[in-house]
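# Notes for the structure review
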Amino acid sequence: MNERFFSGEEQEARDRRARRLLLLLGVVLLFAFAADVLFGSVALSPGQVLASLFRGGAGMSPEDLIVLRFRLPRALTALLAGSALAVAGLSMQTLFANPLAGPFVLGVDAGASLGVALVLLAADLAGPGLGARFAALGGVAAASWAGSLAVLLLILVVASRVRSGTVLLILGLMFGQAVNSLVTVLLHFSSAQRAHGYLAWSFGSFSSTSWPQVATMALGILPALLAGYFLTKPLNALLLGERYARTLGVPVERVRMGLIGVTAFLSGSVTAFCGPIAFLGIATPHLCRGLLRCEDHRLLLPACIAAGGGMALAADMLSHAPGSALLLPVNAVTSLLGAPVVVWVVLRRRGGTS
Amino acid sequence: MTAPLLELKELCVGYRRGREERRVAGPFSLGLREGRLTALVGRNGIGKSTLLRTLCRLQPPLGGEMFLRGRPLSEWHRGEFARRVSAVLSEREIAPDMTVFDLVALGRHPHTDWRGRLRREDRAAVEDALSVLRMSHFRNRSLFELSDGERQRAFTARALAQEPELLLLDEPTAFLDLLHKVETVTLLRDLCRTRRMTVLVAIHDISVAVHFADHLWLLADEGTLLEGAPEDLVLSGALGRLFSSETLRFDPFSGRFFPFGGVRFRAVLEVKGEGEARICAESALERCGFGIARGDALREGTLEVLPESAGNGRFLLRPQGGRERRVASIADLSEELDRLFPLIPAGTPREPAPVPSGRD
């Protein structure tokens, strides 16, 4: 007799559990952030770090400099990049109903790569001195941004004409492949030094950002994250496929444009300052779905922000191999660290079946 | 007086690619009966889904007009349209990880605010839809854990939670066994009665449609659409014609097919007895190619169906001028009949006679 009442409670219990997990993810994120600031190549005590954080101004010691000029912007960069990529991946996976889709599925990274490769090659032609100065002025970031933006515009033009999501996905993939081969050609004709510069960029890094760059990045990412939150309701409807979404009154074309725009902004901003960070964008949404055991984007999106940021911070910390001068490429660490975690979550969730 | 719910005028449905048009069905002009369950029937590939998708505004019509409450379909704002018309589409393998509750709650989409938060009345509508389709127990199950029938009910509940005036369903009973087919259709028909809803449902199984729908829309060859009460369409012969071929005649009431022309029975038997067992016995005889003697017709034997209390074999077979046999099951009966009235007349060689082969 009380079945209805009872199951209503069960429903709420599930929501409560998801909220608790969300809170937990937030706490983990804070810890990861603190840890990333506390640990680095140079061993500093927590007391030293705290003191440096609140000093600022004139008369900075080398320790203050390490904390304020390097570790803090680095940690913020990782946090922003991780959340941005996770949300971008989540949007693309739902939009294309494809678990393998990620932030770069429409070729945004290819556009960025082309921009970077062009700048490096141009620097070669212009002479080493000029090239170095250009790179120091954030020319790589600007080129990457320009490349991403070009791809974004192209995709939006195509998306407004193509009705089918699958076709759009294929076009994006093909476009990315074609641009990547252009990059290969460019690299083939550039000097070994420049090619190595490109390679280093493509490994990904959170540590090459200055404060103004962090601010620029935040300016690109935070509004896009907010816009993403406004799209969570149509994203939920899109879980049923485009046709069902239409019967629910979702303006599918407009939502698709919005999602592509948000994604391109997020992943473009990250790529500009950190290089193409692999894995996080594809893996984090799966991790969050597994942890929260739900498909509701109103919960998944904040979870992705927290988990993506946390994973990026952890990867950054590990790539700096605390206490040593060793520096590993971020891309290698994200995949090595994240793949087992995601495999575990995915297998546990479905019990390895179907 | 309110305008009719759904009116079609000279509607043509089909596909357009560039300048090429492929008309699937139409033109037809008719209105949907309000507060009734109308079954859309027709052969495979005749355009049932195309018509339903056009009515859901998922694809544009090739020509003609459609009116919902007197206003052209295309002029309705999408949110307002979604609050009046909901659909169960033919795609099924979607969102396997979603729970039943979340799926049904998505039906509230056109009614909720920008964040999609469920208010008290939204929750009530979801609970109501779940209980009407007897899915309340499954609310926390994921879709991939459900059987085909349960998943189908979950999607129907989702459409119901949308609280539409008009519910369009594309083959909601495909993959279901007969019991669940009938259950689904009668349930939808009851909804029409109790909630002033109107249902248009594409049904594959013609005998289910004939027995349980209030009204039929029959998509015939050449893309014409006939309408009427099921019995009207049977009387006019339209239903029988549609599903008959050169060799088989379709009987819409029984849903069975019979061979055309002079049927040669293996034998004609009289059946005696009462109840379900008698009906089953007659059905088995017909299936095996025997005729059933009525009145004074000549007969080559009698089959008596004994009451269950008789024990030790309920079917008593008395061939004309032969020994009486008593068997316990229909399977045994049909073997006995095969022995008495062989399919291959005695004397016919079982295999072609061996050809004498000389050495060369």
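Our subject is the structure listed above.
Now for a description of the structure that goes with this document. (Residues numbered from 1 in each chain as written. Chains lettered and ligands numbered in written order. Predicted model: local features only at pLDDT ≥ 70, side-chain atom pairs only at ≥ 80, totals over all residues. Heavy atoms only, no water.)

### Things to note about empty space enclosed by the protein
- Under the defined criterion, the tally for this structure stands at six cavities of 30 Å³ or more.
- When its volume is computed, the largest cavity comes out at roughly 70 Å³.
- Every residue along the wall of the largest cavity is listed here: A:R243, B:S49, B:L52, B:R53, B:C56, B:V88, B:L89, B:S90, B:E91, B:L168, B:L169 and B:D170.
- Residue assignment for the lining of the largest cavity shows that the elements contributing at least two residues are helix 1 (48-55) and strand 7 (166-170) of chain B.
- Class assignment for the residues of the lining of the largest cavity results in six nonpolar, two polar and four charged. (1 Å grid on protein atoms, 1.4 Å probe; cavity = no way out; pocket = protein on both sides within 12 Å on 5 of 7 lines; lining within 4 Å. Points joined across faces, edges and corners; volume = space filled by probe spheres on them. Helix = DSSP H or I, 4+ residues; strand = E, 2+ residues; numbered from the N terminus. Nonpolar A, V, L, I, M, F, W, Y, C, P; charged D, E, K, R; others polar.)

### What about the layout of surface pockets?
- Taken as a whole, the largest pocket spans an internal volume of roughly 760 Å³.
- Those elements that provide at least two residues to the lining of the largest pocket are helix 3 (62-95), helix 7 (165-188) and helix 11 (242-247) of chain A together with strand 1 (6-17) of chain B.
- For the lining of the largest pocket, the per-class residue count stands at eight nonpolar, seven polar and seven charged.

### Things to note about the interface of chain A and chain B
- In this assembly, 30 residues from chain A lie in contact with 39 residues from chain B.
- Summed over both partners, the interface of chain A with chain B comes to about 3300 Å²; 54% of that surface belongs to carbon and sulfur atoms.
- Counting across the interface, chain A meets chain B through one salt bridge.
- In this structure, B:E91 engages A:R243 in a salt bridge whose closest nitrogen and oxygen atoms are separated by 3.3 Å.
- Where chain A touches chain B, the interface holds nine residue pairs in polar contact (both at pLDDT 80 or more).
- Those elements giving two or more residues to the side of chain A that touches chain B turn out to be helix 1 (3-38), helix 9 (211-230), helix 10 (232-238), helix 11 and helix 15 (330-350) of chain A.
- Take the side of chain A that touches chain B: its biggest share by element is seven residues, from helix 1 of chain A.
- Residue classes in the side of chain A that touches chain B are distributed as ten nonpolar, six polar and 14 charged. (Contact = heavy atoms within 4.5 Å. Buried area = accessible area lost by both parts, 1.4 Å probe. Salt bridge = Lys/Arg side-chain N within 4 Å of Asp/Glu carboxyl O. Polar contact = N/O pair within 3.5 Å; in protein donor to acceptor, adjacent residues only side chain to side chain.)

### Remarks on the packing of helix 9 of chain A against helix 14 (residues 297-319) of chain A
Residues and elements named next belong to chain A.
- Orientation of helix 9 relative to helix 14, taken along the N-to-C sense of each, is 160°, at an axis distance of 10 Å. Taken as axis vectors, helix 9 and helix 14 run roughly antiparallel relative to one another. Crossing hand, helix 9 versus helix 14: right-handed. Every residue of helix 14 that contacts helix 9 at L225, G228 and Y229 is listed here: R298, L301 and I305. (Axes fitted to C-alpha atoms, helices over the stretch in contact; angles between N-to-C directions. Parallel < 35°, antiparallel > 145°, perpendicular 65-115°, else oblique. Left-handed = near helix turned anticlockwise from the far one by under 90°.)

### Brief notes about the environment of A:G111
Residue and element names in this part refer to chain A.
- By the secondary structure assignment, G111 is in helix 4 (residues 108-126).
- Residues G111 and L149 lie 38 residues apart in sequence; the distance between their C-alpha atoms is 7.9 Å.
- The contact partners of G111, leaving out residues within four places of it in the chain, are G147, S148, V151 and V179.

### Some remarks on the pairing of strand 6 (residues 85-88) of chain B
Residues and elements named next belong to chain B.
- Alternating positions in strand 6 separate into two faces, V85 and A87 on one and S86 and V88 on the other, with burial throughout.
- In terms of strand pairing, strand 6 meets strand 7 through four bridges, oriented parallel. Bridged to S86 within strand 7 is L167. (Buried < 20%, exposed > 50% of the residue type's maximum accessible area, 1.4 Å probe, protein only. Pairing = 2+ DSSP bridges.)

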